[in-house]
Amino acid sequence: MRALCLGRWLRTAPGAARGAGEGRLPLPLPVPPARAVPTAPVVSPAWVPPRPAWQHGQQRPAPQQKVTVEVLDHLEHLALVDFRDAEGVERLQKAVQFADQLHEVNTDGVEPMDSVLEDRCLYLREDDVTEGNCTNELLKNAREKVEEYFVAPPGNIPLPKLEERETFLQGF
Amino acid sequence: MAAAAAARGCGGVWRWAWQRGAGGPAPAPRGQRAVACNARGGAVPEGKSGLAPWVPVVGLEIHAQISSNSKLFSGSQVQFAAPPNSLVSFFDASLPGTLPVLNRRCVEAAVMTGLALNCSINKKSLFDRKHYFYADLPAGYQITQQRVPIAVNGSLSYSLCIDNKMSQMVTKTVRIKQIQLEQDSGKSLHDDTRSQTLVDLNRAGVGLMEVVMEPDMCCGEEAAAAVRELQLILQTLGSSQAVMADYEIQRQIEELENGGTILNETRAFDSKLGCTVPMRDKEGKQDYRFMPEPNLPPLILYDAKSLPANLNHQQVVNIDWIHERLPDLPSVKRAKLVEQYGILPEHSFTLLNEDGLTEFFENVVKQTQMKPKKVIGWILKDLLSYLKQHSLTVKESPVSSFLLADLLNLLEKKEISSTAAKQVLAELWKGEGKTPLEIVKEQKLELIQDQKELEQICQAVIDGQENEVMAIKAGNRKVLNKLIGLVQRETQGRSNPVLVKQLLEKKLSE
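Residues numbered from 1 in each chain as written. Chains lettered and ligands numbered in written order. Predicted model: local features only at pLDDT ≥ 70, side-chain atom pairs only at ≥ 80, totals over all residues. Heavy atoms only, no water.

A. Structural view of the overall build of chain A. Secondary structure summary: chain A contains three helices and three strands in total. Mapped from its N terminus to its C terminus, chain A presents α and β elements in the order α-α-β-α-β-β. Within chain A, contacts between residues separated by at least 24 positions form 62% of all contacts whose residues are at least 6 apart in sequence. Carbon and sulfur atoms make up 56% of the accessible area of chain A, which amounts to about 14,200 Å² in all. (Helix = DSSP H or I, 4+ residues; strand = E, 2+ residues; numbered from the N terminus. Contact = heavy atoms within 4.5 Å. Areas by Shrake-Rupley, 256 points an atom, 1.4 Å probe, with all protein chains shown as cover.)

B. Fine view of helix H11 (residues 436-443) of chain B. All names here are of chain B. Those residues of H11 lying buried are Pro436, Ile439 and Val440. Along H11, the residues classed as buried sweep out an arc of 100° about the axis, all on the same side. Where H11 is buried, its residues contact helix H9 (401-412) and helix H10 (418-429). Positive backbone phi, approximately 55°, marks Lys444, located one or two places after H11. (Buried < 20%, exposed > 50% of the residue type's maximum accessible area, 1.4 Å probe, protein only. Arc of directions from axis to C-beta.)

C. Summary view of the sheet that holds strand S3 (residues 149-152) of chain A. Spatially, S2(A)-S3(A)-S11(B)-S10(B) is the arrangement adopted by the four strands of the open sheet, whose pairing is antiparallel. Looking along the sheet, the strands with just one partner apiece sit at the ends: strand S2 (145-146) of chain A together with strand S10 (187-191) of chain B. The pairing of S10(B) with strand S11 (residues 196-200) of chain B spans five bridges and is classified as antiparallel. Within S11(B), the residue paired with B:Asp191 across the bridge is B:Gln196. (Pairing = 2+ DSSP bridges.)

D. Structural detail: the packing of aromatic side chains. Residue and element names in this part refer to chain B. Summed over the entire model, instances satisfying the criterion amount to five aromatic pairs over all chains. Ring plane angle 80° and centroid distance 5.6 Å describe the contact between Phe73 and Phe127, whose orientation is recorded as edge-to-face. Of this pair, Phe73 sits in the loop between strand S2 (54-65) and strand S3 (102-103) while Phe127 sits in the loop between strand S5 (124-125) and strand S6 (128-131), and the two are 54 residues apart along the sequence. No difference in accessibility class separates Phe73 from Phe127, as the two residues are buried. Here the guanidinium or amino end of Arg334 rests over the ring plane of Phe349, the centre of that ring lying 4.0 Å away. The positively charged end of Lys422 is found above the aromatic ring belonging to Trp378, 4.5 Å away from the centroid. (Phe/Tyr/Trp six-rings, centres within 6.5 Å; stacked < 30°, edge-to-face > 60°. Lys NZ or Arg CZ within 6 Å of the ring centre and 35° of its normal.)

E. The nonpolar core, seen in detail. Residues and elements named next belong to chain B. The biggest cluster of nonpolar side chains holds 54 residues, and the ones touching the most others in it are Val107 and Val111. Breaking this core down by element, the ones donating at least two residues are S2, helix H1 (104-116), strand S7 (141-144), strand S8 (151-161), strand S9 (169-183), strand S12 (207-213), helix H2 (220-237) and helix H4 (319-324). When neighbours within four sequence positions are excluded, Val111 is seen to be in contact with Ile121, Ile150, Leu301, Val317, Ile319 and Ile322. The next biggest cluster of nonpolar side chains, apart from the first, holds 39 residues, and it includes Leu352, Phe360, Val364 and Leu387. (Core = buried A, V, L, I, M, F, W, Y, C linked by side-chain atoms within 4.5 Å.)

F. Representation of the interface of chain A and chain B within the structure. Of the residues lining the interface, 38 residues belong to chain A; the matching set on chain B comes to 55 residues. Buried area between chain A and chain B, both sides added, is near 3,800 Å², and the carbon and sulfur share of it is 58%. Summed over the shared surface of chain A and chain B, the number is one salt bridge. Counting the contacts that link chain A with chain B gives 21 residue pairs in polar contact (both at pLDDT 80 or more). Elements with a contribution of two residues or more to the side of chain A that touches chain B: helix H1 (69-79), strand S1 (124-125), helix H3 (135-140) and S3 of chain A. It is S3(A) that contributes the most residues to the side of chain A that touches chain B, four residues altogether. Tallied by class, residues from the side of chain A that touches chain B come to 18 nonpolar, eight polar and 12 charged. (Buried area = accessible area lost by both parts, 1.4 Å probe. Salt bridge = Lys/Arg side-chain N within 4 Å of Asp/Glu carboxyl O. Polar contact = N/O pair within 3.5 Å; in protein donor to acceptor, adjacent residues only side chain to side chain. Nonpolar A, V, L, I, M, F, W, Y, C, P; charged D, E, K, R; others polar.)

G. Expanded view of the side chain of A:Glu76. Within the fold, A:Glu76 resides in helix H1. Residues in contact with A:Glu76, not counting those within four places in the same chain, are A:Val81, A:Asp82, A:Phe83, A:Arg84, A:Leu159, A:Arg165, A:Thr167 and A:Leu169.

H. Quick look at the packing of helix H6 (residues 345-353) of chain B against helix H7 (residues 357-367) of chain B. Residues and elements named next belong to chain B. Packing of H6 against H7 brings their axes to within 6 Å, and their N-to-C directions diverge by 115°. Between H6 and H7, the contacting residues are Thr350, Leu351 and Leu352 on the first element and Leu357, Thr358 and Phe361 on the second. A per-class count over the contact of H6 with H7 returns four nonpolar, two polar and no charged. (Axes fitted to C-alpha atoms, helices over the stretch in contact; angles between N-to-C directions.)

I. Seen up close, the packing of helix H5 (residues 330-341) of chain B against H6(B). Residue and element names in this part refer to chain B. Their axes nearest at 9 Å, the elements H5 and H6 cross at an angle of 125°. By the angle class used here, H5 and H6 are oblique. Handedness of the crossing formed by H5 with H6: right-handed. Facing H5, whose interface residues are Pro330, Lys333, Arg334, Leu337 and Val338, H6 presents Pro345, Ser348, Phe349, Leu351 and Leu352. Among the residues forming the contact of H5 with H6, the class breakdown is seven nonpolar, one polar and two charged. (Parallel < 35°, antiparallel > 145°, perpendicular 65-115°, else oblique. Left-handed = near helix turned anticlockwise from the far one by under 90°.)

J. Summary view of the sheet that holds S6(B). Residues and elements named next belong to chain B. Taken together, the three strands give an open sheet; going across it, the order is S7-S6-S14, and neighbouring strands pair in antiparallel fashion. Each of the sheet's edge strands pairs with one partner strand only, and the pair in question is S7 and strand S14 (291-292). In the sheet, S6 pairs with S14 via two bridges, with the strands oriented antiparallel. Considered in S14, the bridge of Arg129 is made with Met291.

K. Representation of helix H15 (residues 497-509) of chain B. Residues and elements named next belong to chain B. Across its 13 residues, H15 extends 18 Å between first and last C-alpha, which sits within 8% of the 18 Å expected from 1.5 Å per residue. Residues of H15 that are buried include every one of Val500, Leu503, Leu504, Lys507 and Leu508, and no others. Down the axis of H15, the buried set is contained in an arc of 125°. They therefore lie on one face. Projecting away from the buried face of H15 at angles above 90 degrees are the exposed residues Val498 and Ser509. Check the buried side of H15 and you find it contacts helix H12 (451-464), helix H13 (466-473) and helix H14 (479-490). (Expected span 1.5 Å × (residues − 1).)

L. Structural view of the confidence of the model for chain B. All names here are of chain B. Averaged over all residues, the pLDDT of chain B equals 81, while 81% of them reach at least 70. Considering each helix and strand of chain B separately, the mean pLDDT is smallest for helix H3 (residues 260-273), with a value of 31, and largest for S3, with 98. Residue range residues 1-16 is modelled with pLDDT below 50. Its contacts to residues more than four positions away, or to other chains, number 70 contacts. Counting contacts from residues 21-47, a segment whose pLDDT is below 50, to residues more than four positions away or on other chains yields 52 contacts. Taken over the whole predicted complex, pTM reads 0.73, whereas the ipTM for its chain interfaces reads 0.72. (pLDDT = per-residue confidence, 0-100.)

M. Examining the environment of A:Gln93 more closely. Residue and element names in this part refer to chain A. Positionally, Gln93 belongs in helix H2 (residues 86-100). Taking relative accessible area as the criterion, Gln93 reaches 10% and is therefore assigned buried. Note: C-alpha distance between Gln93 and Gln65 (28 residues apart in sequence) is 8.9 Å. Beyond its immediate chain neighbours, meaning those up to four positions away, Gln93 contacts Gln65, Lys66 and Val67.

N. Expanded view of the confidence of the model for chain A. Residue and element names in this part refer to chain A. Per-residue pLDDT for chain A averages 74, and the proportion of residues at 70 or more is 68%. Element-level mean pLDDT values for chain A span from 82 in H1 up to 96 in S1. This model gives residues 1-26 a pLDDT under 50, and the stretch forms 32 contacts once residues within four places in sequence are excluded.

Listed below in C-alpha cells is the structure:
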C-alpha cells in the first residue's frame, strides 16, 4: 500500500519541527502481514488497525472549544442519545478534537468536492415503471408488521426541556 | 398524466411573519409600507410605542406532487390508493446498496413549471440531503435541492375580487423565490391505542416540486387566490394534478424570536386586534445537517445554444424545446376568451375556474346563433347555479351543450319568451330525455305567432281598461306597462312583450 504524502498540504504551525516523529505520518503505513494467496478465490478480510495508526501528537496552543451544555442538550434532543455521565461527554470532546484535525489541511483556493462523481454526467432515467410489487420481500425482515404495514414506535416524542428531565447534564 | 387523482396533490406551508413597517427605528429589510393592509383595506392601528405598526406578511411554500408514472429516484409506480407497501422498491425502503437514479420526466415538469412562473432556470443545479428522524423517512434524510435549486426568481400574477363583488378585480403579483425538486416521505398512521405507528412507504420517494413564494401577500384571501392560480397553471401544464391543497401555519415570528421586549409588544398588539397567533414551532430549532448528495453529480440542463452535439438525445433536457411547447397559460386563455367572445374579464375567470365550463360554453356558442355575450349569461347564471345547487360538475350536467344550444336557438328565433325558456331549462334539468321543442309543445309555451290573434287580445284589453287608456293618451306612458302585463296574463305569458307594446301603441295612436 502506497503511503500517502501529506507533507505538502500540512499547514506550517508556528515553531513546529517539520521532521520525522511528532505530527508526521510514520512512513510507510503499517502493512498487514503477508498472506499466501490460496488457489481458490477467497475474499481477504479487511484489516482494521486496533488502535489509531496516526495520532496528532502536537498539542495545539489554539483554544479548544469545550462542548457547552446547550450543544449537548441540543444533541440529546436531535439524536436521542444519552450522554449519561462525564465519560460520555469526554468521549464526545475527544471525537470533536479528532475531527478538528481536518483543519490542519490548507484548503485555500480549493473548491470542496461534493462527490467522486463530479466529472460524470447525471444519468437521466425514462419515466417507466420498472420496480415495486415486492411487499412480501420487503416485509420479510421486519420484526413487527401489521397487515402489510411496517410497525414503528409512536411518533417523535420530543425530549422534555433540560430543566424538566433528570439528566447528568443538569449539573454540567 | 396519471388518470387517478392524487390525494396529496398540493401541500402548502404558511409562513406568517411580522415585520416592522418602514419608518420605525429598525426598518424592515424589505421596506414594507407603514400602513398595513388587511382584507377590507382598513389601516391597522399603531403599536403602543409609537413606532411604525407591525405588518403581517404571508409567504407560502407549496409542495406539488409531480405527475409522473414512476418516482423521482426509483422505478416504482406513482399511484394513489394501492395496497400498502406495494409500490415500494428497495431504494424507497432505503435498503443498503441502493442508489438514486433521476427521473427525466420530473426534471421536465420542474422546468415547465419554472418557465410558466417566469423563473430563471439554473442550467446547473445540485442535490442535497436534508436529515431528520421520522418513521416514514427510512433513510433518515430527504434528497432535496437546498444550495442550488432548479429554478429561481420568478413571479405569479393572480386576481382577486375586492369586497366579494365580482365586478371589482385587482391584479397582484407574488415573487417566486425558487422551485426545487425533492422526495416525498411515506405515510404514517398513528395508532395511539396500541402505542405504535404503521408505516406505508408507497408515497416515499414520489417527486415533488416545492414552490417557495416570497412573503409578498398580506392576508389569507391573497394567499388563497395565489394558490388557486398556481393550481390552474399546474393543471394546465400537466406537471401536477394539484388536486388538494392543505395549509399549515408553521413558521414563527422570526424577527421576534430573539428580542424579549418586542415579544411583549406583539402580545398587546394581538389582543387589540384579536388575531390568531401562529402555532408555536416544533420544539426547538430543527438542525437538518444539510450536506451535498454524494451519489448524484450536478444536474445539467441545456438550451439551443449550449446543446452538445455528441450527447444522446434521451440524456438531454433542452429548456428552449420545452419553452416552445408550453401550452397557453390561464391568463392567456382568459385574454383570448375575452377577445374572441366579447365577454367580461370576470366571466373568463369563472369559466376557467370550473373544470370543463369553458369547453361547454364554446360548444354552445358553436351550435347557436345567439351572441356569445348573451350565451354567457345563461351559462354563468342559469346553468352554473343549477350545477352548484346540486353539487354537480360540468361533466355531470344533465343538460348537455347540445340541448342548451337547442333551447337558446328557440329563444333567439323568438319562438319562446325568456321566461318560458327558463321554464324549459328547469324541465330539461330533470334529465328525462325530452328535447326543448317537445317540452315547449307539452307545456304550450310557444309565443303566439298569429298577429291577428294578438291584435284581438290587445284590442280586448284596451276596450276593458278605459281609465288606463285615457291616462296613456294624456301622456302617462308608464301605464302602458300595465296594459302589456294584462295582455301577458291573457296569453299566459305566451306573448312577445316587445311586439305587444308595438301593437298597443299602434292601436292607441289610432
